[in-house]
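Observations on the model geometry
Each chain, written out:
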Amino acid sequence: MPDRRSSAWFGADGRAGMIHRSWMRSQGLGPEVFDGRPVIGIATSASELAPCNVHLDRVAEAVKRGVWQAGGLPLAFPTMATGETLMRPTAMLYRNLMAMEVEELIRANPLDGVVLLSGCDKTTPAMLMGAASVDLPAVMVTGGPMLNGKFRGEDVGSGTHVWKFEEERKAGRMTEEECFFAEGCMARSNGHCMTMGTASTMACLAEALGMQLPGSAAWPAVDARRFETAQAAGQRIVAMVAEDLRPSAILTREAFENAIRVNAAIGGSTNAIVHLLALAGRVGVPLSTADFDELGRAVPTLVNLMPSGRFLMEDFCYAGGVPVVLSRLAEAGLLHQDVRTVSGPREPAKCWNDEVITTVAEPFQPPGTGTAVLTGNLAPEGAVLKQSAASPELLTHTGPALVFDTAEDYHRVADDPDLPVTPDTVLVIRGAGPKGYPGMPEVANVPIPKKLVEQGITDLVRICDGRMSGTGYGTVVLHVSPESAVGGPLALVRTGDRITLDTPARELTLHVSDDELAARRADWTPPESPYRSGYTWLYREHVTQAHHGADFDFLHGTRGSAVPRDSH
Ligand code: FES
């Protein structure tokens, strides 16, 4: 019998082996499956509370077929799912909890390899983080995007059009009833958001990192090829166990550099920054916020998808998906090709629609227009701005601050006709960082005040220590670090202070003297936390700042697959 990890359970002598096999046989498994074949866990985050993942049990069935075909023993198990739209206060609060659960479930069970089934925003990074910390062979299958939304003959993007419809309703151009009808047109099938929001971004980056099979990110959730790909992943993981191909061999610095460049090329979500930083921390790869600017600056945006562009994930799939983006970056010398992936060396891919995936020579947006990393006396450890989602005329702007300690404070007065706001105003929303909220929610792109919407103003500079939905847009400075709750300079801004956003120079400046800031700091007291126990207390105690990926400080690094004690 081969000396596998699972053999310590199923190949054990005497009573221990009997216990492990006997209870598994209660599921109808015959004795022949305990012959030392690789045992493959299928971690599925299917949940009716996470609608983007609800179909993953069917994907798991396809993976199982592949594992059986290749001579393995598939065992599916549920993990928690962080449904972006329903979980309060924010799904991000639970990414680290899910990552812990995935890590512990893999390690605690008799598994030789694992297939990770994810979909909604946080589930993909959580699965990758957990699996990386165990470092058993692992392959990811994301659940795929929904079909394109269709409303009145036009494509509508999940998330992106929620903002647009809300603005239309506020401006009196759409009725409540029309919005109600439109919301059904936006979500036509199983799958995650089909804009280049965080879920699509992280699916593409899982492929760019080498953790998904080629083309896997873009097949729509309901496409037969989604299930073919899942079956192929089931076959492949059995071979990966034989090769002992682990995440630590795939998730190298070069793989992260590839992912950062792909993120720039696809016009990916700013949330990818915190997720990749956290994942890099798990595998001990040095990565900083500045890397995203330095590496991304030379990369043009090739993919013309909402929220920055026009098309949706279904179009991206039919154009050729991530393999085309990788091919185009490789041809331009912008990709490390000597990297390991779950599927071996990458093959060149042909593009079937240059409007959706543009060429490097004639890109959708030129190099240097991707995500900018800003620093300055308002963000000593950095802040980020998605230029492609911003208004070009606001990328360089100076204006007076209008400060809100919480996003909720702003929402209470956003429709007030007397709100002291002009098109020059810089809205500062604080208290939304990892510790402050807690959970670093997607509240940064607060809606434009009604008073300005009625004047035809569609964008304002907004600055926040929280995040923005990957489907959102606007001139929004995000992830300001350190956050206000730990005394970052954002905590010291007062209404009326002048702030300069200078994106070309990558600077964010608060025009207040050092002496005045020191005096304000002396007066500042940290906000009191209402949490004395429970998970949220643990989160606040141990979450790191955005520039470290908002992971828990005690989860950095890999811990391997060895089980500390064996009482059987
Ligand atoms: Fe799940 Fe957008 S809400 S991916």
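This report concerns the structure included in the present document.

Rules behind the numbers
- Residues numbered from 1 in each chain as written.
- Predicted model: local features only at pLDDT ≥ 70, side-chain atom pairs only at ≥ 80, totals over all residues.
- Heavy atoms only, no water.
- Helix = DSSP H or I, 4+ residues; strand = E, 2+ residues; numbered from the N terminus.
- Rg over C-alpha atoms; globule rule 2.2 N^0.38 Å.
- Buried < 20%, exposed > 50% of the residue type's maximum accessible area, 1.4 Å probe, protein only.
- Contact = heavy atoms within 4.5 Å.
- Lys, Arg positive; Asp, Glu negative; His and termini not counted.
- Charge placed at Lys NZ, Arg CZ, Asp CG, Glu CD.
- Core = buried A, V, L, I, M, F, W, Y, C linked by side-chain atoms within 4.5 Å.
- Pairing = 2+ DSSP bridges.
- Axes fitted to C-alpha atoms, helices over the stretch in contact; angles between N-to-C directions.
- Salt bridge = Lys/Arg side-chain N within 4 Å of Asp/Glu carboxyl O.
- Disulfide = S-S within 2.5 Å.
- Phe/Tyr/Trp six-rings, centres within 6.5 Å; stacked < 30°, edge-to-face > 60°.
- Lys NZ or Arg CZ within 6 Å of the ring centre and 35° of its normal.
- Expected span 1.5 Å × (residues − 1).

Focus on the overall build of the protein
- Each helix and strand counted, the protein has 19 helices and 14 strands in total.
- The C-alpha radius of gyration computed for the protein amounts to 24 Å, which stays within 12% of the reference 24 Å derived for 568 residues, consistent with globular compactness.
- Seen along its three principal axes, the alpha-carbon backbone of the protein occupies a region of about 75 × 55 × 50 Å.
- Within the protein, buried positions represent 61% of all 568 residues.
- Across the protein, the fraction of contacts at a sequence separation of at least 24, relative to all contacts at a separation of at least 6, is 77%.
- Of the charged side chains in the protein, 50 are positive and 67 negative; the average position of the first set lies 4 Å away from that of the second.

Notes on the nonpolar core
- Membership of the largest hydrophobic core comes to 143 residues, with the highest contact counts inside it found for Leu116, Leu209 and Phe316.
- Counting 25 residues, the second-largest nonpolar core is a separate cluster that includes Ala401, Val403, Val477 and Leu492.

Observations concerning the sheet that holds strand β1 (residues 39–44)
- Read across the open sheet, the 4 strands follow the order β2-β1-β3-β4; overall the sheet is parallel. The sheet terminates laterally at β2 (73–78) and β4 (138–142), the two strands that pair on one side only. Within the sheet, the average angular offset between the axes of one strand and its neighbour, ignoring direction, is 20°.
- As defined by bridge partners, β1 adjoins β2 across 6 bridges and the pair is classed as parallel. Among the inter-strand pairings, Val39 is bridged to a residue of β2, identified as Leu73.

Here's the deal with the pattern of salt bridges
- What the rule picks out here adds up to 33 salt bridges.
- With its nearest N and O atoms 2.5 Å apart, the salt bridge here joins Asp155 to Lys150.
- We classify Asp155 as partly exposed; its relative accessible area is 22%.
- You can call Lys150 partly exposed: its relative accessible area is 42%.
- The shortest N-O distance in the salt bridge between Glu176 and Arg169 comes to 3.6 Å.
- Beyond isolated ion pairs, a larger network of salt bridges with shared partners links Glu103, Glu104, Arg107, Arg282, Asp551 and Arg559.

What about the pairing of strand β11 (residues 461–464)?
- The alternating pattern of β11 places Val461 and Ile463 and Arg462 and Cys464 on opposite faces, both of which are buried.
- Pairing between strand β10 (residues 426–429) and β11: 4 bridges, direction parallel. Each residue of the ladder has a partner; that of Leu427, found in β11, is Arg462.
- The sheet contact formed by β11 and strand β12 (residues 476–478) spans 2 bridges and is parallel. Bridge assignment links Arg462 to a residue of β12, and that residue is Val476.

Regarding the environment of Ser22
- Tracing the backbone through its elements, the reader meets Ser22 in helix α2 (residues 14–25).
- For Ser22 and Phe10, which are 12 residues apart along the polypeptide, the C-alpha to C-alpha distance reads 9.5 Å.

Description of unusual backbone geometry
- Residue Pro307 is reached from Met306 by a cis peptide bond, and omega for that bond is 10°.
- Note that Pro307 resides in the loop between α13 (289–296) and α14 (313–319).
- Note the cis peptide between Ser481 and Pro482, where omega equals 0°.
- Although it is not a glycine, Met440 adopts a positive phi angle of roughly 50°.
- Within the secondary structure, Met440 is located in the loop between β10 and α17 (450–453).
- If you check the backbone angles, Arg506 has positive phi at about 60° while not being a glycine.
- Structurally, Arg506 is set in the loop between β13 (498–502) and β14 (507–510).

A look at the state of the cysteines
- A complete count under the given rule lists 0 disulfides for this structure.
- Unpaired in this structure, Cys351 has its nearest cysteine sulfur neighbour in Cys317, at a distance of 12 Å.
- We classify Cys351 as buried; its relative accessible area is 13%.

Description of the packing of aromatic side chains
- One pass over the full model with this rule turns up 9 aromatic pairs.
- Each ring, one from Tyr539 and one from Phe552, has its centre 5.5 Å from the other, and the planes form 75°; the classification is edge-to-face. With Tyr539 in helix α19 (residues 534–542) and Phe552 in the segment after α19, the pair connects residues that are 13 residues apart, well separated along the chain. Phe552 shares its class with Tyr539; the two are buried.
- Above the plane of the ring of Tyr473 lies Lys164, whose end atom (NZ or CZ) is 4.6 Å from the centre.
- The ring of Trp352 has Lys350 sitting right over it, with the charged end atom 5.0 Å from the ring centre.

A closer look at helix α5 (residues 123–134)
- Over its 12 residues, α5 extends 17 Å from the first C-alpha to the last, a length consistent with the 16 Å expected when each residue adds 1.5 Å.
- The buried fraction of α5 is high, at 12 of 12 residues.
- Here α5 has its buried residues at Thr123, Thr124, Pro125, Ala126, Met127, Leu128, Met129, Gly130, Ala131, Ala132, Ser133 and Val134.
- Of the residues trailing α5, Asp135 is marked for its positive phi of about 65°.

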